[in-house]
Amino acid sequence: MALRKLVAGNWKMHGLSSDLVEVRAIAAASHAYPQVDLALCVPAILIERAARAAPGFAIGGQDVHHADKGAHTGGTSALMLLDAGASLTIVGHSERRDAHRESDDEVKAKAEAALSCGLNVILCVGESLEVRGRGGAVDTVGAQLAGSLPASLDGEAELAVAYEPIWAIGTGKIPTTAEIGEMHASIRASLGSRYGADGAQVRILYGGSVKPSNAGEIFAITDVDGALVGGASLKAADFIPIVEAAAAVEGRGFIA
Ligand code: PGA
């Protein structure tokens, strides 16, 4: 059984009050695609305004602190994200793993903190071009999962995993469908060995240069349960055709 698709936007460090018009437009258009789950992960400071601009639409953060409060200057806790109106957060994005030197342990602690508060989590993994070049992509992502997946999936909140090859992010390059399929099958196997039967319910998103022109092909790959979209999520005109592609795959019952 194919899982319902989740298409989440990652606005990264983009988004001012003047961009709420795009949040509104995306939320309004989403009603035409009830078979797809949608979310926008916006800068923390924009969450409350985005949530007010689009009632009922899933708004998320892009990172979360592992502690619930305390002396952590600049930190944002899971409870703060929830309080602002978020229902999910990204953790372990490669831009944070690299630029902020976040370890697998830290990503795991963040995911567990968010899930235990009831915040859904998109946990990112992905290899560098150098690792892909020497044939180590599947092992590297396997090791990231071993180190960063939360210990259990006991609560109500949902975990999703996003496979984002670092070399595909913002570059216009994407892996072949065979490479994506191989990686998603391997991630599915890791989820199964960690969580047993529940691992089959964890959605695995692909991320990295997803665009209206390639989305349909990506969504048709087995075990691709959605997408994490950066640049093409900033404007409704780019994001909605990607959602439409997800809905079309569902509608065709391609892998159901
Ligand atoms: P991109 O970013 O779609 O702009 O490549 C994806 C991501 O980093 O989540």
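In this text, all values refer to a predicted model and were calculated from it rather than measured experimentally.

Here we look at the overall build of the protein
Inference 1: Each helix and strand in the protein was counted, giving 10 helices and eight strands.
Inference 2: In terms of C-alpha radius of gyration, the protein reaches 17 Å, essentially the compact-globule figure of 18 Å for 256 residues.
Inference 3: The principal-axis extent of the C-alpha atoms belonging to the protein is close to 40 × 40 × 35 Å.
Inference 4: In the protein, which comprises 256 residues, the proportion classed as buried is 50%.
Inference 5: The contacts in the protein between residues at least 6 apart in sequence include a share of 74% that link residues at least 24 apart.
Inference 6: Approximately 11100 Å² of the protein is accessible, and the part contributed by carbon and sulfur atoms is 54%.
Inference 7: On the protein, the mean spot of the 21 positive side-chain charges and the mean spot of the 30 negative ones are 3 Å from each other.

Regarding the state of the cysteines
Inference 1: Taken as a whole and assessed by the stated rule, the structure comprises zero disulfides.
Inference 2: Here Cys41 is not disulfide-linked; the sulfur of Cys124 is the nearest cysteine sulfur, at 8.9 Å.
Inference 3: Considering cysteine sulfurs only, Cys41 is the nearest to Cys117, which forms no disulfide, with 16 Å between them.

A word on the pairing of strand S3 (residues 58-61)
Inference 1: Relative to S3, strand S2 (residues 37-41) runs parallel, the two being bridged by three bridges. By the bridge assignment, Ala39 is partnered in S3 with Ala58.
Inference 2: Handedness of the crossover is the feature at issue here: the chain leaves S2, passes through helix H2 (residues 47-53), returns alongside S3, and the resulting connection is right-handed.
Inference 3: Relative to strand S4 (residues 88-91), S3 runs parallel, the two sharing two bridges. Across the sheet, Gly60 pairs through a bridge with Leu88, a residue of S4.
Inference 4: In this region the chain leaves S3, passes through helix H3 (residues 78-84) and returns to the parallel neighbour S4; the handedness of that crossover is right-handed.

Let's talk about the site of the ligand
Inference 1: The full set close to the ligand counts 13 residues, and Lys12, His93, Glu164, Gly170 and Ser209 are the nearest of them.
Inference 2: Contact distances for the ligand include 2.7 Å between an oxygen atom and a backbone N or O atom of Gly170.
Inference 3: Split into classes, the residues belonging to the shell around the ligand amount to four nonpolar, seven polar and two charged.

Thoughts on the packing of aromatic side chains
Inference 1: Per the stated rule, a full pass over the model turns up one aromatic pair.
Inference 2: Between Tyr163 and Tyr206 the ring centres are 6.1 Å apart and the planes differ by 65°, which places this aromatic pair in the edge-to-face class. Highlighted residues: Tyr163 in strand S6 (residues 159-163) and Tyr206 in strand S7 (residues 203-207), separated in sequence by 43 residues.
Inference 3: By relative accessible area, Tyr206 is classed as buried at 0%.

Examining the pattern of salt bridges
Inference 1: Per the stated rule, a full pass over the model turns up 15 salt bridges.
Inference 2: A salt bridge links Arg188 to Asp225; the nearest nitrogen and oxygen atoms lie 2.8 Å apart. Of this pair, Arg188 sits in helix H8 (residues 177-195) while Asp225 sits in the loop between helix H9 (212-219) and strand S8 (226-229), and the two are 37 residues apart along the sequence. For the pair formed by Arg188 and Asp225, the shared burial category is buried.

Comments concerning the nonpolar core
Inference 1: One finds Val7, Leu40, Ile187 and Phe219 to be the most contacted residues of the largest nonpolar core, which totals 68 residues.
Inference 2: Here the element with the most residues in this core is helix H10 (residues 236-252); it accounts for nine residues.
Inference 3: Setting aside anything within four residues of it in sequence, one finds Ile187 in contact with Val125, Val141, Leu145, Val161, Tyr163 and Ile204.
Inference 4: If you look at the next biggest cluster of nonpolar residues, it comprises 12 residues, including Leu6, Cys41, Ala160 and Ala162.

Conventions and cut-offs
- Residues numbered from 1 in each chain as written.
- Predicted model: local features only at pLDDT ≥ 70, side-chain atom pairs only at ≥ 80, totals over all residues.
- Heavy atoms only, no water.
- Helix = DSSP H or I, 4+ residues; strand = E, 2+ residues; numbered from the N terminus.
- Rg over C-alpha atoms; globule rule 2.2 N^0.38 Å.
- Buried < 20%, exposed > 50% of the residue type's maximum accessible area, 1.4 Å probe, protein only.
- Contact = heavy atoms within 4.5 Å.
- Areas by Shrake-Rupley, 256 points an atom, 1.4 Å probe, with all protein chains shown as cover.
- Lys, Arg positive; Asp, Glu negative; His and termini not counted.
- Charge placed at Lys NZ, Arg CZ, Asp CG, Glu CD.
- Disulfide = S-S within 2.5 Å.
- Pairing = 2+ DSSP bridges.
- Right-handed = clockwise from strand over helix to strand, strands pointing away.
- Near = heavy atom within 4 Å.
- Polar contact = N/O pair within 3.5 Å; in protein donor to acceptor, adjacent residues only side chain to side chain.
- Nonpolar A, V, L, I, M, F, W, Y, C, P; charged D, E, K, R; others polar.
- Phe/Tyr/Trp six-rings, centres within 6.5 Å; stacked < 30°, edge-to-face > 60°.
- Salt bridge = Lys/Arg side-chain N within 4 Å of Asp/Glu carboxyl O.
- Core = buried A, V, L, I, M, F, W, Y, C linked by side-chain atoms within 4.5 Å.

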